[in-house]
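Results of the structural survey
Residue strings, one per chain:
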Amino acid sequence: MPDGGTEPAFFAGTPAYGTTMLEIIAFCCGALVMVLEMVGARVLAPHVGTSAVVWTSLIGVVLACLAVGAWLGGRLADRHLSRRGLAFILTGASLGSALAAGTHRLVGEALSVAITDIHLAAVACALGILALPALCCGMISPYIIRLRIRDVATSGATVGRLYALSTAGSIVGTFLGGFVLISFFASGTILWGVALGLLLLSLPAEPSRPWGRLALVLLLLLLAVWDRQFRRTEGPLMVESPYNCMLIHESRDRGRPVRILSTDPDYSQSGMYLDDPDELYFDYTRFYALAVLARPQARDILMLGGGGGSVPKWLLSGKSGLDAAGLRLTVVELDPGMSAVARRWFFLPGDDPRLRLIHADARTFLNRQQEQYDILLVDVFNSCYSIPFHLGTQEAFAAMRRALRPGGVLAMNVIAAVEGEDGRLLRAIHAGLQRHFARVEVFCVTDPGHPGQLQNLMVLAFSDAATAAALRDGPGHSPEMAAMLACRYRSPCVTTSPRWNVLPCRCCGVPEPEGSSFSCDFLDVVQARCGRSCPLPSSAARGRHGHPFWGKRQGAGAHTARSRESRMRLCGPQPCPSRGGRLAVWPRNA
């Protein structure tokens, strides 16, 4: 900009529509960037899943590329400022999006196979697929700003206006991508649409000599049609919904044909024997029979997480041992697309009067519903990386308990370990359930001999002790049921996990952790107190969240911490061996 705020020669004679068009381009590019980011999660899903790890990697990579692009775009604007330069940047962003649309499957599969760590694989896939279009999109805003500024005296207003328009476009793109495009179009189609949109924006950016770009528009249209209709599809069938990217494939297991549904590259969501669709395929689903064994007269059943419909089909078919004719089954599934897949490819009955299918978030449903059930089945874990934490809180467990009648049984599938670092989630869930249920038991499904291994765990919670005793002591168990009951976790809950520190019980002085009893609720401070003969500490000795504790820090009441040698680490709850006392427990770094 020349001194004195005069208009640069480049802008001399620029028509008014030109400046307005720059603002329209800024708005549209802001929208397309967010559509690109929203669809990026769907593109990555078949290769690295849909967990928070993937979203973190995607957002970080896109922001980094936008930042680098903004730096490059500013430098380019200072050296070579022209409408043709803006058209060149828009064309580059378009070609980058087209490249992502055509190669995302190949790139994603190659990188996810070559890199085993989920964090590195997610970052690498995001870089390999979205780096080029995101970097080019980042160059657009500083270049447009430099083109639009005419006077130093009004440059602040100009920059603010363009940033506001770009941000408004991003807001529109976020809602458009999340609410509309992903719901109705495949991810590849959306990427081709972003590429075409960016290329079309290059035409008004530089109206002269448009024939090359028009030819590119025609070429991209042909490639998009070919990619959608004529390209040979290999591998599993992919079905996209507003919530999931589902893969369906068939194979053979133990000589029998099976059909598998996956929403995560490393974990299968549902499975079905093609020669007997009502038979349970996965081992963990068979452990739901323990809830039926504990409540054999159940009539009303609630299931959170329907998936491919394996367990609902098993219940409705009568193979569970319940009175199938009088059964009333309510299934709560978040994703309508998942239910459509279950009906089309996994033979879930769509018109059975005994089945009520509700599409809602499980926690929202629990908060609002007023009915009570005999059995509550929970199957909401997609993988150890996709954990619905809002279903692991004290409030959620209280809602689950309210949903059960007296004598009711809760059966929850959890993907975790029992011992060690990978067992922290299970121990927190176990402790939270203990606050609201009379008894909680854990069954190691995959490998009972190695409780420290990450595996499927079936957690059973009983609303009264009599029901738990009936399951444990009931006569005449079949060999299959006896084998499941033998998978109950019974070992002393001692671990080398550094998360918890334990003090001896103030009443009995027993430092052994077997049997301490505690609650977690995903909080920093864990409730702990001694038994009847030991009064609760004063209000001055209460920690955060109102939980009492013994000597968390020096000066916290009269009961200060014992020596480090007397501390022991805790891994799970059982009754205290003396006087029913409880050991004081708190996080090491709290």
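Quick caveat, the model's predicted, so the values are computed rather than measured.

Turning our eyes to something else, we now look at the overall build of the protein chain. When helices and strands are tallied, the protein chain shows 16 helices and 13 strands. Counting all 590 residues of the protein chain, 52% fall into the buried class. Put simply, 74% of the contacts in the protein chain that link residues at least 6 apart link residues at least 24 apart. Summing over all exposed atoms, the protein chain offers an accessible surface of approximately 26200 Å²; the carbon and sulfur share of this is 58%.

Ordered by their spatial adjacency, four strands build an open sheet running β1-β2-β3-β4, and the pairing between neighbours is antiparallel. Each edge of the open sheet is held by one strand with a lone partner, namely β1 (237-240) and β4 (270-273). In this sheet, adjacent strand axes meet at a mean angle of 20 degrees when their direction is disregarded. Two strands pair when backbone bridges link them, and β1 and strand β2 (residues 245-253) are joined in this way by four bridges, in the antiparallel orientation. From the neighbouring strand, Val239 faces β2, where its bridge partner is Met246.

Time to look at helix α2 (residues 52-79). Note: α-helices contain 3.6 residues per turn, so residues at a spacing of three or four share the same orientation. Look at α2: 41 Å from first C-alpha to last across 28 residues, which is about the 40 Å you get at 1.5 Å a residue. Taken residue by residue, α2 has Val53, Val54, Ser57, Leu58, Val61, Val62, Cys65, Gly69, Gly73 and Ala77 as its buried positions.

Right, let's get into the environment of Ala134. The residue Ala134 is located in helix α4 (residues 118-148) in this model. In this structure, the C-alpha to C-alpha distance between Ala134 and Ala67, residues 67 residues apart in sequence, is 9.3 Å. Contacts of Ala134, omitting those with residues within four sequence positions, involve Leu36, Val62, Cys65 and Leu66.

Right, let's get into the confidence of the model for the protein chain. Across the protein chain, pLDDT averages 81, with 78% of residues at or above 70. Contacts of residues 1-17 to residues separated by more than four positions or lying in other chains number 26 contacts, the stretch itself having pLDDT below 50. Contacts for the low-pLDDT stretch residues 492-590, under 50 throughout, to residues beyond four places or in other chains number 208 contacts.

Moving on to empty space enclosed by the protein. The tally for this structure, following the rule as stated, stands at five cavities of 30 Å³ or more. As for the largest cavity, its lining consists of Gln269, Ser270, Tyr284, Thr285, Met303, Gly305, Gly306, Gly307, Gly308, Ser310, Val311 and Asp379. Residues of the lining of the largest cavity, tallied by class, amount to three nonpolar, eight polar and one charged.

Before going further, it helps to examine the nonpolar core. Counting 62 residues, the largest nonpolar core has Ile25, Leu44, Val48, Leu86, Leu90, Ile144 and Leu198 as its most contacted members. The set of elements that each furnish at least two residues to this core consists of α1 (16-48), α2, α3 (83-114), α4, α5 (155-184), α6 (187-205) and α7 (211-230). Counting residues per element, this core draws most heavily on α4, at 17 residues. Aside from chain neighbours lying at most four places away, what touches Ile25 is Leu86, Leu90, Ile144, Leu201 and Ala205. The next biggest cluster of nonpolar side chains, apart from the first, holds 43 residues, and it includes Ala342, Val445, Leu471 and Cys487.

Turning our eyes to something else, we now look at the layout of surface pockets. Size it by volume and the second largest pocket reaches roughly 890 Å³. As for the second largest pocket, its lining consists of 39 residues, and the residues nearest its centre are Gln269, Asp379, Val380, Phe381 and Asn382. When contributions to the lining of the second largest pocket are tallied by element, the ones reaching two or more residues are α8 (283-286), β6 (328-333), β9 (404-416) and β11 (455-462). Class assignment of the residues belonging to the lining of the second largest pocket gives a composition of 18 nonpolar, 15 polar and six charged.

Quick look at the environment of Asp323 now. On the secondary structure map, Asp323 appears in the loop between α10 (310-317) and β6. Each C-alpha atom of the pair Asp323 and Gln297 lies 7.8 Å from the other, and the pair is 26 residues apart in sequence.

With eleven of its 13 residues buried, β9 lies for the most part within the structure. Of the pairings in the sheet, the one linking strand β8 (residues 373-378) to β9 comprises five bridges and is parallel in character. Directly across from Leu377, in β9, lies its bridge partner Ala411. Alignment of β9 against β11, held across eight bridges, turns out to be antiparallel. Residue pairing across strands places Ala416 opposite Gln455, the latter belonging to β11.

Negative phi values dominate among residues other than glycine, just as trans dominates among peptide bonds. The residue Arg209 is not glycine, and still its phi comes out positive at about 50 degrees. Inspection of the secondary structure puts Arg209 in the loop between α6 and α7. The exposure class assigned to Arg209 is exposed, which follows from its relative accessible area of 59%. If you check the backbone angles, Arg254 has positive phi at about 55 degrees while not being a glycine. As for its placement among the helices and strands, Arg254 is situated in the loop between β2 and β3 (256-262).

Our next topic: the sheet that holds strand β5 (residues 300-304). A sheet is described by the order of its strands in space; here seven strands give the open sequence β7-β6-β5-β8-β9-β11-β10, paired in mixed fashion. Across the chains shown, the open sheet's two edge strands, defined by having one partner strand only, are β7 (355-359) and β10 (439-444). On average, adjacent strands in this sheet sit at an angle of 15 degrees to one another, irrespective of strand direction. Here four bridges tie β5 to β8, and the two strands are oriented parallel to one another. When the sheet's bridge partners are listed, Ile301 is paired in β8 with Ile375. Packed onto the sheet, helix α15 (residues 465-473) meets β9, β10 and β11 and runs at close to 125 degrees relative to β11.

Counted by the stated rule, this structure contains five aromatic pairs. Ring centres of Phe175 and Phe179 lie 5.5 Å apart, and the angle between their planes is 55 degrees; on these two criteria the pair is classed as tilted. Of the two residues, Phe175 and Phe179 both sit in helix α5, four residues apart, roughly one turn of that helix. When its relative accessible area of 58% is taken as the criterion, Phe179 is described as exposed.

With that settled, the discussion passes to the packing of α3 against α6. Any two packed helices are characterised by how steeply their axes cross, that is the angle between the axes, and by the distance between the axes. Put simply, α3 and α6 touch, their axes get as near as 8 Å, and they point 170 degrees apart. One finds that α3 runs roughly antiparallel with respect to α6. The crossing of α3 and α6 is left-handed. Broken down by class, the residue content of the contact of α3 with α6 amounts to 16 nonpolar, seven polar and one charged.

Attention shifts here to the state of the cysteines. Tallied over the entire structure, the rule returns zero disulfides. This cysteine, Cys136, is not joined by any disulfide, and Cys137 carries the nearest cysteine sulfur, 7.1 Å off. According to the relative accessible area criterion, Cys136 is buried, its value standing at 10%. Here Cys137 is not cross-linked by a disulfide; its sulfur's nearest cysteine counterpart is in Cys29, at 6.5 Å. On the basis of relative accessible area, Cys137 is assigned to the buried category, the value being 7%.

Conventions we followed
Residues numbered from 1 in each chain as written. Predicted model: local features only at pLDDT ≥ 70, side-chain atom pairs only at ≥ 80, totals over all residues. Heavy atoms only, no water. Helix = DSSP H or I, 4+ residues; strand = E, 2+ residues; numbered from the N terminus. Buried < 20%, exposed > 50% of the residue type's maximum accessible area, 1.4 Å probe, protein only. Contact = heavy atoms within 4.5 Å. Areas by Shrake-Rupley, 256 points an atom, 1.4 Å probe, with all protein chains shown as cover. Pairing = 2+ DSSP bridges. Axes fitted to C-alpha atoms, helices over the stretch in contact; angles between N-to-C directions. Expected span 1.5 Å × (residues − 1). pLDDT = per-residue confidence, 0-100. 1 Å grid on protein atoms, 1.4 Å probe; cavity = no way out; pocket = protein on both sides within 12 Å on 5 of 7 lines; lining within 4 Å. Points joined across faces, edges and corners; volume = space filled by probe spheres on them. Nonpolar A, V, L, I, M, F, W, Y, C, P; charged D, E, K, R; others polar. Core = buried A, V, L, I, M, F, W, Y, C linked by side-chain atoms within 4.5 Å. Phe/Tyr/Trp six-rings, centres within 6.5 Å; stacked < 30°, edge-to-face > 60°. Parallel < 35°, antiparallel > 145°, perpendicular 65-115°, else oblique. Left-handed = near helix turned anticlockwise from the far one by under 90°. Disulfide = S-S within 2.5 Å.

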